[in-house]
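Chain residues, written in single-letter form:
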Amino acid sequence: MHIWIRYNSEQVMTNTRYDKYDRRDIVLHSGRNMDTSCQLCMRNEDDFTVNDVVVNGFIPEGVSFDYNFCDTITYNDAVPYPDIISASREKKVLSHTTCIIILSFHVDKNAEVGKFLFPVVVKTSTGDFSAEVSVNIHKATITEPAESDIGHEYFFTARAYFPIDGTVAKSHGTILRYSDQWEDLMINYAKAMKFLRAN
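Being a predicted model, the structure only gives us computed values, none of them experimental.

Reading guide: rules and limits
Residues numbered from 1 in each chain as written. Predicted model: local features only at pLDDT ≥ 70, side-chain atom pairs only at ≥ 80, totals over all residues. Heavy atoms only, no water. Core = buried A, V, L, I, M, F, W, Y, C linked by side-chain atoms within 4.5 Å. Buried < 20%, exposed > 50% of the residue type's maximum accessible area, 1.4 Å probe, protein only. Contact = heavy atoms within 4.5 Å. Pairing = 2+ DSSP bridges. Helix = DSSP H or I, 4+ residues; strand = E, 2+ residues; numbered from the N terminus. Salt bridge = Lys/Arg side-chain N within 4 Å of Asp/Glu carboxyl O. Axes fitted to C-alpha atoms, helices over the stretch in contact; angles between N-to-C directions. Polar contact = N/O pair within 3.5 Å; in protein donor to acceptor, adjacent residues only side chain to side chain. pLDDT = per-residue confidence, 0-100.

What follows deals with the nonpolar core. Residues Leu-40, Met-42, Val-50, Ile-101, Leu-103 and Val-133 are the most contacted members of the largest nonpolar core, which totals 31 residues. Discounting chain neighbours no more than four positions away, the residues touching Val-50 are Met-42, Phe-69, Arg-89, Glu-90, Lys-91, Val-93, Cys-99, Ile-101, Val-122, Lys-123 and Thr-124.

On to the pairing of strand E10 (residues 127–141), then. Two elements, strand E2 (residues 25–32) and E10, share seven bridges in a ladder whose sense is parallel. Looking at the pairing, Val-27 lines up with Ser-134 of E10. Summarising the sheet, strand E9 (residues 114–124) and E10 pair through 11 bridges and their orientation is antiparallel. When the sheet's bridge partners are listed, Gly-114 is paired in E10 with Ile-137.

Looking now at the pattern of salt bridges. Under the defined criterion, the tally for this structure stands at four salt bridges. Close ionic contact of Asp-22 with Arg-6 constitutes a salt bridge, the shortest N to O distance being 3.0 Å. Pair noted here: Asp-22 is in the loop between strand E1 (2–7) and E2 and Arg-6 is in strand E1, with a separation of 16 residues, a long-range link. Look at Asp-22 and you get buried, because its relative accessible area is 13%. Lys-91 is the partner of Asp-71 in a salt bridge, and the nearest nitrogen-oxygen pair spans 2.9 Å. One end of the pair, Asp-71, is in strand E5 (residues 63–74); the other, Lys-91, is in strand E7 (residues 91–93), and 20 residues separate them in sequence. Overall, Asp-71 belongs to the partly exposed group, its relative accessible area being 23%. According to the relative accessible area criterion, Lys-91 is partly exposed, its value standing at 23%.

Within the open sheet, the five strands sit side by side as E1-E3-E8-E5-E6. Their pairing is antiparallel. Of all the strands in the sheet, just E1 and strand E6 (80–85) have a single pairing partner and so form its edges. Here the average twist between neighbouring strands, direction ignored, is 30 degrees.

Right, let's get into the side chain of Ser-86. Relative to the assigned elements, Ser-86 resides in the loop between E6 and E7. In terms of polar contacts, Ser-86 uses its side chain to reach the backbone amide nitrogen of Ser-88, at 3.0 Å. In this structure, Ser-86 is in contact with Asn-68, Phe-69 and Asp-71, ignoring residues within four places of it in sequence.

We now examine the sheet that holds strand E4 (residues 48–55). The strands making up a sheet are joined through hydrogen bonds of the backbone, oriented either antiparallel or parallel. Strand order across the open sheet formed by five strands is E2-E10-E9-E4-E7, with mixed pairing between neighbours. Taken across any chain shown, the strands that pair with only one partner, and hence form the sheet edges, are E2 and E7. Going across the sheet, the axis of each strand differs from the next one's by a mean of 35 degrees, ignoring polarity.

It is worth spelling out the confidence of the model for the protein at this point. This prediction gives the protein a mean pLDDT of 85; 84% of its residues lie at or above 70. Here residues 159–165 is modelled with pLDDT under 50, and outside its nearest four sequence neighbours on either side it reaches 14 contacts, counting other chains as well.

Structure (structure tokens):
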């Protein structure tokens, strides 16, 4: 089993192979009231299943840990691109395929400043594997959007959310724009965008 960690700024595909310079440890930086994350990659010669990912040690107050698998989407070029953050807590991985696990750390606005080591354990059908993530929490605190003097907008084309006829019809059923269901959908969409901002 090969296991290594890369920053989110690096592209990892399902055919990405372990490099001799890859490591099982990484250092992340974060302000307070924000998220920071990285990619834990696993690849094996045989099929295996990832059953759970945990931090095996002390988690300081004001910091929370979570993980998500990064699923792929295939376009007309037949290449499986990592694109979808999965809600699944387990994943079956085929042989000679790289599994991408997003390790995320949310740092609360009241979290202690300092450097913290998080020993991460990946529990699989072939055994447990470890990696280390260090998070440097700096004194800078990201203000809440309502209190900030700086605005940030995403520009995107999301036809499933903003169709011409005023309804959402694809995977969400038919939802009338500006209805209560529409508002719930937009709140969920905003939460997803917030989660992905460091990804």
